[in-house]
Amino acid sequence: MISMACNIAGVAFKNPIIMASGTFGFGREYAEFYSPELLGGIVGKGLTLHPKAGNMGSRIHETASGMLNSVGLENPGVAAFLKDELDDMTRWNTAVIANVGGSNLEEYVQAAAMITENAQKRRTMNRRGVDMLELNISCPNVKQGGMQFGIQTEVARDVVRQVRNVTALPLVVKLSPNAENITQMAVMCEEEGADGVSLINTFSAMKIDIRRRRSVFANTYAGLSGPAIKPIALRMVHQVAQAVSIPVIGMGGISSVEDIIEFIMAGAAAIQVGTYNFVHLHAGSELVYGLEQWMQREKVQSLDEIRGIL
Ligand SMILES: Cc1cc2nc3c(=O)[nH]c(=O)nc-3n(C[C@H](O)[C@H](O)[C@H](O)COP(=O)(O)O)c2cc1C
């Protein structure tokens, strides 16, 4: 019997295919195309303590092999998420991961504490809550003049430590490829008690509108994702997986079953799919069925047989 199941920090995933933050809404948006229950898990749109309107001007630009986005973390805020979205998300039999951001330390800590408290309360009422937290440390740090938290290991350490202090939920830290040293960053997360790391977030990148002689994006730079970043993401996942003993969730440009297998072979416990959701509305179901067929064809009973073989 083929099994695609995996377990990360005590959370059971029926398969290793998880939809990445910011590319799948809170799940409802895709439910008319296929059932989110097919998926291993869903990471919701990135949440901040307070509602956020996001960036002005252009937010998306297609490149030759990926896309640039400057959405600016538009989201309804933690309280509205818990009130209006969570019931729908937990209705489906798939793992629910809340992605949390913030522009200062207190925001991260308060948001994580609110989600944790809500999960505990729901559990006492026999209701499902958030299964796992994913901490997005790629947010601009207001106190440091807008530099991302996720660039310097010691700045990120504070966030991971303080969030760990307020949450008993499984905690995965999402790493930025813009980090000065991504392996060091992952090792720090393990030292601070994170249950896993996920990587990678988008690369800082740029597009110039030559007719208007200025950047396409109001913030000048935007985040690059999609097939263009896959080879680099794969290398980073391979390096990080060798440096830590906590599970690694890999992502960056995954758009086929073969891409998933590469990340698993590089050591990923599970993977996330982002930009491909915009290319193909049925991305999740295509990949879940495709992975099962691949395992049958290759006579692989469990992904443990190929995980981290490189
Ligand atoms: C439009 C868009 C919005 C995103 N929003 C978030 C977000 O809110 N939080 C986050 O951690 N990552 C966010 N990401 C990053 C993705 O979750 C993912 O890490 C990245 O796109 C790389 O994977 P991919 O190449 O498969 O898209 C966003 C990406 C895109 C394209």
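As the structure is a computational prediction, the values presented were derived from the model and not from experiment. Think of each chain on its own: its residues are numbered from 1, step by step along the sequence as written. At least 70 in pLDDT is required for a residue's local features to be given in this predicted model, at least 80 for side-chain atom pairs to be given and counted, and no such filter applies to totals for whole chains, interfaces and linings, which use all residues. As a rule here, side-chain values come from all non-hydrogen atoms in the structure, and water together with hydrogens is ignored.

Caption draft 1: Broad picture of the sheet that holds strand β8 (residues 132–136). Strand pairing follows a simple DSSP-based rule, namely that at least 2 bridges must link the two strands. Helix and strand assignments follow DSSP, with helices taken as H or I runs no shorter than four residues and strands as E runs no shorter than two, numbered in order from the N terminus. Read around the closed barrel, the 8 strands follow the order β3-β4-β7-β8-β11-β12-β17-β18; overall the barrel is parallel. If you compare each strand with its neighbour and ignore which way they point, the axes differ by 25 degrees on average. The pairing of strand β4 (residues 41–43) with strand β7 (residues 95–100) spans 3 bridges and is parallel. The partner of Val-43 across the bridge, within β7, is Ile-97. The angle between two axes is taken between their N-to-C directions and runs from 0 to 180 degrees, where each axis is a line fitted to C-alpha atoms and a helix contributes only its stretch in contact.

Caption draft 2: Structural view of the state of the cysteines. Two cysteine sulfurs form what is called a disulfide whenever their separation falls within 2.5 Å. Applying the stated criterion to the full structure yields 0 disulfides. Distance from the sulfur of Cys-139, which forms no disulfide, to the nearest cysteine sulfur (Cys-189) is 14 Å. The buried category is assigned to Cys-139, whose relative accessible area is 5%. Three labels apply to residues, based on accessible area from a 1.4 Å probe with only protein chains included: buried if under 20% of the type maximum, exposed if over 50%, partly exposed otherwise in between. The buried category is assigned to Cys-189, whose relative accessible area is 0%.

Caption draft 3: A look at the UniProt feature "domain: Dihydroorotate dehydrogenase catalytic" (unreviewed entry) in the chain. UniProt positions are given in the numbering used here, feature names are shortened, and annotations may be inferred rather than shown by experiment. Annotation from UniProt places "domain: Dihydroorotate dehydrogenase catalytic" (unreviewed entry) at residues 5–293. When the span residues 5–293 is considered, its composition is 33% helix and 22% strand, and the gap between its end C-alpha atoms is 15 Å.

Caption draft 4: Here's a closer look at the UniProt feature "binding site: FMN" (unreviewed entry) in the chain. Per the UniProt entry, the sites bearing "binding site: FMN" (unreviewed entry) are Ser-21, Lys-45, Gly-46, Asn-99, Asn-136, Lys-174, Ile-200, Gly-226, Gly-252, Gly-253, Gly-274 and Thr-275 in this numbering. Assignment of secondary structure puts Asn-99 in strand β7. Apart from residues no more than four positions distant in its own chain, Asn-99 is found in contact with Ser-21, Val-43, Gly-44, Lys-45, Gly-46, Leu-47, Glu-134, Asn-136 and Lys-174. Relative to the helices and strands, Asn-136 resides in strand β8. If we skip the residues at most four places from it in the chain, Asn-136 touches Leu-73, Asn-99, Val-100, Gly-101, Tyr-108, Lys-174 and Asn-201. Pairs of residues are marked as contacts when any of their non-hydrogen atoms sit within 4.5 Å.

Caption draft 5: Structural context of the sheet that holds strand β13 (residues 203–206). An order of β5-β6-β16-β13 is seen for the 4 strands of this open sheet, with the pairing classed as antiparallel. On the outer flanks of this sheet lie β5 (60–63) and β13, each paired with one strand and no other. When the angles between neighbouring strand axes are averaged without regard to direction, this sheet yields 40 degrees.

Caption draft 6: Examining the packing of helix α4 (residues 182–191) against helix α5 (residues 230–243) more closely. Between α4 and α5, the shortest axis-to-axis distance is 9 Å and the interhelical angle comes to 40 degrees. Of the possible angle classes, the one that applies to α4 and α5 is oblique. Relative to α5, the crossing made by α4 is right-handed. Contact with α4, carried on its side by Ile-182, Thr-183, Ala-186, Val-187 and Glu-190, involves Met-236, Gln-239, Val-240 and Ala-243 of α5 and no other residues of that element. Comment on the angle field: the value is read as roughly parallel under 35 degrees, roughly antiparallel over 145, roughly perpendicular from 65 to 115, and oblique elsewhere. Each crossing gets its hand from how the near helix is turned against the far one by less than a right angle, where anticlockwise is left-handed and clockwise is right-handed.

Caption draft 7: Focus on the site of the ligand. Near the ligand you find 25 residues, and of these Ser-21, Lys-174, Gly-226, Gly-253 and Thr-275 are the closest. Contact between the ligand and Ser-21: an oxygen atom at 2.8 Å from a main-chain N or O atom of the residue. Within the side chain of Asn-136, a nitrogen or oxygen atom sits 3.3 Å from an oxygen atom of the ligand. Within the complex, the protein chains bury 96% of what would otherwise be the 610 Å² of accessible surface of the ligand. Think of it as three bins: nonpolar holds Ala, Val, Leu, Ile, Met, Phe, Trp, Tyr, Cys and Pro, charged holds Asp, Glu, Lys and Arg, and polar takes everything else, Gly as well. A per-class count over the shell around the ligand returns 8 nonpolar, 15 polar and 2 charged. In this text, near means that some heavy atom of the residue lies within 4 Å of the molecule or strand in question. A 3.5 Å cut-off defines polar contacts: any pair of N or O atoms within that distance qualifies, except that in protein one atom must be a possible hydrogen donor and the other a possible acceptor, and neighbouring residues in sequence count only when both atoms are side-chain atoms. In short, Shrake-Rupley with a 1.4 Å probe defines the accessible areas, and a residue's cover is counted only from the protein chains shown.

Caption draft 8: Quick look at the nonpolar core. Side-chain atoms within 4.5 Å are what join buried Ala, Val, Leu, Ile, Met, Phe, Trp, Tyr and Cys residues into a set we call a nonpolar core. Counting residues in each nonpolar core, the largest one holds 89 residues, and the members touching the most others are Ile-17, Ile-115, Leu-175 and Leu-199. Among residues more than four places away in sequence, those in contact with Ile-115 are Leu-47, Val-78, Leu-82, Ala-98, Val-100, Val-130, Leu-133 and Leu-169. Core analysis: the next-biggest nonpolar cluster, separate from the first, contains 13 residues, Cys-6, Ile-8, Ile-97 and Ala-269 among them.

Caption draft 9: Highlighting the pattern of salt bridges. Take a side-chain nitrogen of Lys or Arg and a carboxyl oxygen of Asp or Glu: if they are within 4 Å of each other, that pair is a salt bridge. Under the criterion given, the structure shown has 18 salt bridges. Between Asp-88 and Arg-28 there is a salt bridge, and its shortest N-O distance comes to 2.8 Å. Pair noted here: Asp-88 is in helix α1 (residues 78–91) and Arg-28 is in the loop between β3 (17–19) and β4, with a separation of 60 residues, a long-range link. Owing to a relative accessible area of 22%, Asp-88 belongs among the partly exposed residues under this scheme.

Caption draft 10: Up close: the environment of Gly-253. Following the sequence through the fold, Gly-253 ends up in the loop between β17 (248–251) and α6 (257–265). Separated by 39 residues in the primary sequence, Gly-253 and Arg-214 have C-alpha atoms spaced 27 Å apart.

Caption draft 11: Focus on a nonpolar patch on the surface. Patches here: salt-bridge-free residues with over 30% relative accessible area, like charges joined within 9 Å, nonpolar side chains (Val, Leu, Ile, Met, Phe, Trp, Tyr) joined within 5 Å. Taken together, Met-206, Ile-208, Ile-210 and Tyr-221 make up a surface patch of nonpolar side chains, about 450 Å² in accessible area. Mapped onto the elements, Met-206 comes out in strand β13. Under the relative-accessibility criterion, Met-206 is labelled partly exposed at 43%.

Caption draft 12: Main features of the side chain of Glu-134. Relative to the assigned elements, Glu-134 resides in strand β8. Residues contacting Glu-134, with those up to four places away along its chain left out, are Ser-21, Val-43, Ile-97, Ala-98, Asn-99, Val-100, Val-172, Lys-174, Ser-198, Met-251 and Gln-272.

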